[in-house]
Amino acid sequence: SYRYKIRWDPESYHCVDCAKVFFLFYFTNFDNIIEIIEVVLLGVTLYASVNVYAMMRRKLSNCPMVDLPFRNDPGSTTDVDVDKIEKLCLNMIGYCFFYRYRFSGLPKHMQELEKTQQHLRSQQDTSKLA
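One numbering rule holds for all chains: residues counted from 1, following each sequence as written. Where local features are concerned, this predicted model is filtered to residues with pLDDT of at least 70; where side-chain atom pairs are given and counted, the filter is 80 or more; whole-chain, interface and lining totals use all residues. Side-chain metrics rest on all non-hydrogen atoms present in the structure, leaving aside hydrogens and water.

Student: Quick question: what am I supposed to make of the overall build of the protein chain here?
Tutor: Tallying secondary structure elements over the protein chain gives four helices and two strands in all. The way it works is that DSSP assigns letters per residue, a run of H or I at least four long becomes a helix, a run of E at least two long becomes a strand, and they are numbered from the N terminus. Traced from its N-terminal end to its C-terminal end, the protein chain shows the element sequence β-β-α-α-α-α. Any two residues whose heavy atoms approach within 4.5 Å are treated as being in contact. Restricting to contacts in the protein chain with at least 6 residues of sequence separation, those with at least 24 account for 16%. Per-residue and other accessible areas were derived by the Shrake-Rupley procedure at a 1.4 Å probe size, with only the shown protein chains allowed to occlude residues. Counting every atom, the protein chain has about 12,400 Å² of accessible surface; 61% of that belongs to carbon and sulfur.

As structure tokens, this is what we get:
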């Protein structure tokens with residue numbers, strides 16, 4: 001066991017084990033431990049704030065639907081390829097569902113819903129559509 005004991009070397013007037021004793025005293029003092037925890041929490045808060053700010057700035061750039069002008073928008077002067085934007089939106093939605101279901105699996109209620117939809121589609125008469 002380590003003792004909290006500072007010894008002086010009388011020949012060189014040098015403190016022996018001062019650093020170790022000070023280190024142990026600093027990290028066993030309740031006030032100092034609270035300060036260390038506060039600094040760590042401040043760092044975590046700063047990291048989370050920076051990530052939230054970055055996500056807010058990227059939010060609009062990640063969505064291809066933002067550039068789609070509507071008929072009632074009088075400020076839109078450029079012609080937009082709606083088919084291209086719709087395909088980009090569907091591609092983005094497909095990626096979202098792919099990664100969600102790849103890592104978490106398809107829930108039971110979704111499996112049952114798909115079976116019900118397949119059964120309903122098989123009973124539909126599509127001869128009138130042609």
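Student: Quick question: what am I supposed to make of the state of the cysteines here?
Tutor: Such a bond, covalent and formed between the sulfur atoms of two cysteines, is termed a disulfide. Defined by distance alone, a disulfide is two cysteine sulfur atoms within 2.5 Å. The final tally for this structure, using the stated rule, is one disulfide. Residue pairing for cysteine 15: its cysteine sulfur links by disulfide to cysteine 18, the two sulfurs lying 1.1 Å apart. When the S-S torsion is 60°, as for the bridge of cysteine 15 with cysteine 18, the disulfide is right-handed. Partly exposed describes any residue whose relative accessible area lies between the buried limit of under 20% and the exposed limit of over 50%, with all areas from a 1.4 Å probe on protein chains only and scaled to the type maximum. Note on cysteine 15: relative accessible area 15%, which makes it buried.

Student: I'm lost on a nonpolar patch on the surface in this one. Help?
Tutor: Patches draw on residues past 30% relative accessible area with no salt bridge. Two like charges within 9 Å are joined, as are two nonpolar side chains (Val, Leu, Ile, Met, Phe, Trp, Tyr) within 5 Å. In what follows, salt bridge is the name for a side-chain nitrogen of Lys or Arg lying within 4 Å of a carboxyl oxygen of Asp or Glu. A contiguous nonpolar patch, built from Phe23, Phe27, Ile36, Val40 and Val44 and spanning about 450 Å² of accessible area, is present on the exposed surface. If you tally residues by element for the nonpolar patch, the top one is helix α2 (residues 30-59), at three residues. Along the polypeptide, valine 44 turns up in helix α2.

Student: I'm lost on helix α4 (residues 108-123) in this one. Help?
Tutor: Relative to the 22 Å expected for 16 residues at 1.5 Å per residue, α4 spans 23 Å between its end C-alpha atoms, a close match to the ideal helical length. Counting buried positions along α4 gives zero out of 16 residues, so the element sits mostly on the surface. Take the residue count of a helix, subtract one, and multiply by 1.5 Å to get its expected span.

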